[in-house]
Amino acid sequence: MRLRGEVFWTWASPGLHSRTHEEVLKDGTSIDVQVRLSMVGATQLFLGIYGASGAMIHEEGYDSRPGESMTKAMAWGVQRARCLASEQAEHSQNGRLSG
């Protein structure tokens, strides 16, 4: 179970249809990327990174991705989430090695 943060709850809107990409990385970290169209047709994006226990590591929400389709925004969000998760893993590993 994911422990969602404030960014998710601010972004969430049950009345809007969204597309979701979920992925579990090798270390058990999971990423959740969601895209949708707002009521005025703006492409919106949410990305979340969660630890193996479900604890929130990082979340970002974008009210608008100008000039991007849902498909393009999804691809960008997945890549960004993977990059952020990788950076987080490196920082965690470096912390263990230097401690």
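That block above? That's the structure.
These numbers come from a predicted model, not from an experiment.

Asks: Which residues make up the pattern of salt bridges, and what values do they have?
Replies: Summed over all chains, the structure comprises 6 salt bridges. With a closest N to O distance of 3.9 Å, R2 and D32 form a salt bridge. Of this pair, R2 sits in the segment before α1 (6–11) while D32 is found in strand β2 (residues 30–37), placing the two residues 30 residues apart along the sequence. Residue D32 is classed as buried on the basis of its relative accessible area of 0%. Among the ionic pairs, E68 bridges to R65, the shortest N-O distance being 3.1 Å. There is no split in this pair, since E68 and R65 are both buried.

Asks: How would you explain the side chain of E59 if you had to name every residue and give the values?
Replies: Here E59 is to be found in strand β4 (residues 56–62). At 4.9 Å, R4 is the nearest oppositely charged side chain to E59, a buried residue that forms no salt bridge. Of the polar contacts made by the side chain of E59, one reaches the backbone nitrogen of G5; its length is 3.0 Å. From its side chain, E59 meets the backbone nitrogen of F8 in a polar contact 3.2 Å long. Dropping the residues within four chain positions of it, E59 is found in contact with R4, G5, E6, V7, F8, F46, L47, G48 and Y50.

Asks: Describe the environment of V33, naming the residues involved and giving the relevant values.
Replies: Note on placement: V33 falls in strand β2. Using a relative accessible area of 0% as the deciding quantity, one classes V33 as buried. The spacing of V33 and L45 is 12 residues in sequence and 7.3 Å in space, taken between C-alpha atoms.

Definitions and limits used
Residues numbered from 1 in each chain as written. Predicted model: local features only at pLDDT ≥ 70, side-chain atom pairs only at ≥ 80, totals over all residues. Heavy atoms only, no water. Salt bridge = Lys/Arg side-chain N within 4 Å of Asp/Glu carboxyl O. Helix = DSSP H or I, 4+ residues; strand = E, 2+ residues; numbered from the N terminus. Buried < 20%, exposed > 50% of the residue type's maximum accessible area, 1.4 Å probe, protein only. Lys, Arg positive; Asp, Glu negative; His and termini not counted. Polar contact = N/O pair within 3.5 Å; in protein donor to acceptor, adjacent residues only side chain to side chain. Contact = heavy atoms within 4.5 Å.

Read these as spatial facts, not as claims about activity.
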